[in-house]
Amino acid sequence: MSEQINNELQKLCGLAADMALTEKIRHQAMQSIADIGSHEALLVLLDLAANKNLTVKDRELALKYAKNIIKKDY
């Protein structure tokens with residue numbers, strides 16, 4: 001099961017980082033990553049937040065979702 005989730009996270013990360021896609025699709029991919037809510041999902045969101053190829057809005061959204069995952073753990 002973990003391998004399946006990791007594959008899904010990789011696919012979603014690719015979608016979220018693909019600047020050829022619309023902003024809406026990238027944001028939906030980030031939301032899907034956040035919905036997974038695992039430690040791996042948190043790391044993927046942090047990687048997206050650090051990706052300088054993304055827009056500031058995209059990076060801030062990834063960081064927001066990462067914060068939400070952290071808050072859920074407490």
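Residues numbered from 1 in each chain as written. Predicted model: local features only at pLDDT ≥ 70, side-chain atom pairs only at ≥ 80, totals over all residues. Heavy atoms only, no water.

Attention shifts here to the environment of Ser2. Among the secondary structure elements, Ser2 is positioned in helix H1 (residues 2-17). Spatially, the C-alpha atoms of Ser2 and Glu40 are 9.9 Å apart, while their sequence positions differ by 38 residues. (Helix = DSSP H or I, 4+ residues; strand = E, 2+ residues; numbered from the N terminus.)

Quick look at the packing of H1 against helix H2 (residues 23-36) now. With their axes 8 Å apart at the nearest point, H1 and H2 run at an angle of 155° to one another. Of the possible angle classes, the one that applies to H1 and H2 is roughly antiparallel. You can see that H1 and H2 cross each other, and the crossing is left-handed. Residue-level contacts link Ile5, Glu8, Leu9, Leu12, Cys13, Leu15 and Ala16 of H1 to Arg26, Ala29, Met30, Ser32, Ile33 and Ile36 of H2. Tallied by class, residues from the contact of H1 with H2 come to ten nonpolar, one polar and two charged. (Axes fitted to C-alpha atoms, helices over the stretch in contact; angles between N-to-C directions. Parallel < 35°, antiparallel > 145°, perpendicular 65-115°, else oblique. Left-handed = near helix turned anticlockwise from the far one by under 90°. Contact = heavy atoms within 4.5 Å. Nonpolar A, V, L, I, M, F, W, Y, C, P; charged D, E, K, R; others polar.)

Applying the stated criterion to the full structure yields two salt bridges. Among the salt bridges present, the one from Glu23 reaches Lys57, with a minimum N-O distance of 3.2 Å. With Glu23 in helix H2 and Lys57 in helix H4 (residues 56-72), this residue pair connects regions lying 34 residues apart in the sequence. Note that Arg26 and Asp58 form a salt bridge whose closest N and O atoms lie 2.8 Å from each other. (Salt bridge = Lys/Arg side-chain N within 4 Å of Asp/Glu carboxyl O.)

What follows is about the confidence of the model for the protein. In the predicted model, the protein carries a mean pLDDT of 94, and 96% of its residues have values of at least 70. Looking over the protein, one finds the lowest element-wise mean pLDDT in H1, namely 92, and the highest in H2, namely 97. (pLDDT = per-residue confidence, 0-100.)

Judged by nonpolar contacts, the single largest core of 19 residues is most densely connected at Met30, Ile33, Leu45, Leu48, Ala62 and Tyr65. At the level of elements, H1, H2, helix H3 (39-49) and H4 are the ones that each hand at least two residues to this core. Sorting elements by how many residues they give to this core places H3 first, with six residues. Leaving out residues up to four positions away in the same chain, Met30 has contacts with Ala16, Leu45, Leu48, Leu54, Asp58, Leu61, Ala62 and Tyr65. (Core = buried A, V, L, I, M, F, W, Y, C linked by side-chain atoms within 4.5 Å. Buried < 20%, exposed > 50% of the residue type's maximum accessible area, 1.4 Å probe, protein only.)

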